[in-house]
Amino acid sequence: GGGNQRGRIPKHLPSKSKRMSWRASASKASQAREIVNKGNVNGIEKKWGGGGNQRGGVNAKRIEEDEDFKHRKITVEFKKALMKARQAKGLTQKQLANMIQVQQSVIQQYENGKAIPNGQVISKLARALGTRFPKIPKKKKVKSED
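Since the structure is predicted, the reported quantities are computational estimates derived from the model, not experimental observations. (Residues numbered from 1 in each chain as written. Predicted model: local features only at pLDDT ≥ 70, side-chain atom pairs only at ≥ 80, totals over all residues. Heavy atoms only, no water.)

Draft legend 1. Fine view of the overall build of the protein chain. Across its full length, the protein chain holds six helices and zero strands. Each helix (α) and strand (β) of the protein chain, taken in turn from the N terminus, gives the series α-α-α-α-α-α. Excluding contacts between residues fewer than 6 apart, the proportion of contacts in the protein chain whose partners are at least 24 apart in sequence is 61%. Accessible area of the protein chain: about 13100 Å², with a carbon and sulfur share of 49%. (Helix = DSSP H or I, 4+ residues; strand = E, 2+ residues; numbered from the N terminus. Contact = heavy atoms within 4.5 Å. Areas by Shrake-Rupley, 256 points an atom, 1.4 Å probe, with all protein chains shown as cover.)

Quick look at the structure:
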């Protein structure tokens, strides 16, 4: 068996004629590094803000601070009127919710003043309870006067 293979090149390596000298490969590497450093690999332009692991988009907190938009809120009068009307009919929140085909949590939010008023829900409530509710004022954007 082939005990002495000192002079032979292993089959998985290219033959001497196909092998590159160390200097040639080093210069190729430096050329590649130069191209990468210039930032133009195969004609690909680096986009502004490209790379890096940041999320794009606008800072939502900043928008909230700058703008004075607010959701309309359920008024205290509305909450009280809704609770009184419901209790006068002897209905639970769940029964009332089933009557107007909404989740019980919707009724709960209206009574706690946490809901954002929805005209359709309010009119259904008024019809189901046979009463009128106090009007909820529309919130407008506060304009600064120069």
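Draft legend 2. Just the packing of aromatic side chains, in detail. All chains considered together, the criterion is met by two aromatic pairs. The interplanar angle of 45° and the centroid separation of 6.1 Å between the aromatic rings of Phe-78 and Tyr-110 together place this pair among those described as tilted. With Phe-78 in helix H3 (residues 76-88) and Tyr-110 in helix H5 (residues 104-112), this residue pair connects regions lying 32 residues apart in the sequence. Taking the relative accessible area as the measure of exposure, Phe-78 reaches 0% and is therefore buried. (Phe/Tyr/Trp six-rings, centres within 6.5 Å; stacked < 30°, edge-to-face > 60°. Buried < 20%, exposed > 50% of the residue type's maximum accessible area, 1.4 Å probe, protein only.)

Draft legend 3. Representation of the nonpolar core within the structure. In terms of nonpolar packing, the biggest core is built from 20 residues, with Phe-78, Leu-82, Leu-96, Tyr-110, Leu-125 and Phe-133 touching the most fellow members. For this core, the secondary structure elements donating two or more residues are H3, helix H4 (93-99), H5 and helix H6 (119-129). Take this core: its biggest share by element is six residues, from H6. Look past the residues within four positions of Tyr-110 in its chain and what remains in contact with it is Ile-74, Phe-78, Lys-79, Leu-82, Ala-115, Ile-116, Pro-117, Asn-118, Val-121, Ile-122 and Leu-125. (Core = buried A, V, L, I, M, F, W, Y, C linked by side-chain atoms within 4.5 Å.)

Draft legend 4. Broad picture of unusual backbone geometry. Phi is positive for Gln-101, which is not a glycine, with a value near 55°. Along the chain, Gln-101 turns up in the loop between H4 and H5. Classification of Gln-101 by relative accessible area gives exposed; the value is 69%.

Draft legend 5. Highlighting the pattern of salt bridges. Across all of its chains, the model carries one salt bridge by this definition. For Glu-111, the salt bridge identified is with Arg-86, shortest N-O distance 2.5 Å. Pair noted here: Glu-111 is in helix H5 and Arg-86 is in helix H3, with a separation of 25 residues, a long-range link. The two residues Glu-111 and Arg-86 agree in class, both being buried. (Salt bridge = Lys/Arg side-chain N within 4 Å of Asp/Glu carboxyl O.)

Draft legend 6. A look at the environment of Ile-107. Tracing the backbone shows Ile-107 in helix H5. Taking the C-alpha atoms as reference points, Ile-107 and Gln-95, separated by 12 residues in sequence, lie 10.0 Å from one another. Every residue in contact with Ile-107, bar those within four places of it in the chain, is listed here: Gln-93, Leu-96, Ala-97, Ile-100, Val-102 and Leu-125.

Draft legend 7. Up close: the confidence of the model for the protein chain. Residues of the protein chain with pLDDT of at least 70 account for 54%, and the chain-wide mean is 75. Within the protein chain, the element-level pLDDT minimum falls on helix H2 (residues 60-66), averaging 53, and the maximum on H4, averaging 94. (pLDDT = per-residue confidence, 0-100.)

Draft legend 8. Seen up close, the packing of H3 against H5. Orientation of H3 relative to H5, taken along the N-to-C sense of each, is 130°, at an axis distance of 7 Å. In terms of axis orientation, H3 runs oblique to H5. On H5, the residues touching Phe-78, Lys-79, Leu-82, Met-83 and Arg-86 of H3 are Tyr-110, Glu-111 and Asn-112. A breakdown of the residues in the contact of H3 with H5 according to their chemical character gives four nonpolar, one polar and three charged. (Axes fitted to C-alpha atoms, helices over the stretch in contact; angles between N-to-C directions. Parallel < 35°, antiparallel > 145°, perpendicular 65-115°, else oblique. Nonpolar A, V, L, I, M, F, W, Y, C, P; charged D, E, K, R; others polar.)

Draft legend 9. Representation of the side chain of Gln-93 within the structure. Structurally, Gln-93 is set in helix H4. Apart from the residues within four sequence positions on either side, Gln-93 is in contact with Arg-86, Gln-104, Ile-107, Gln-108 and Glu-111.

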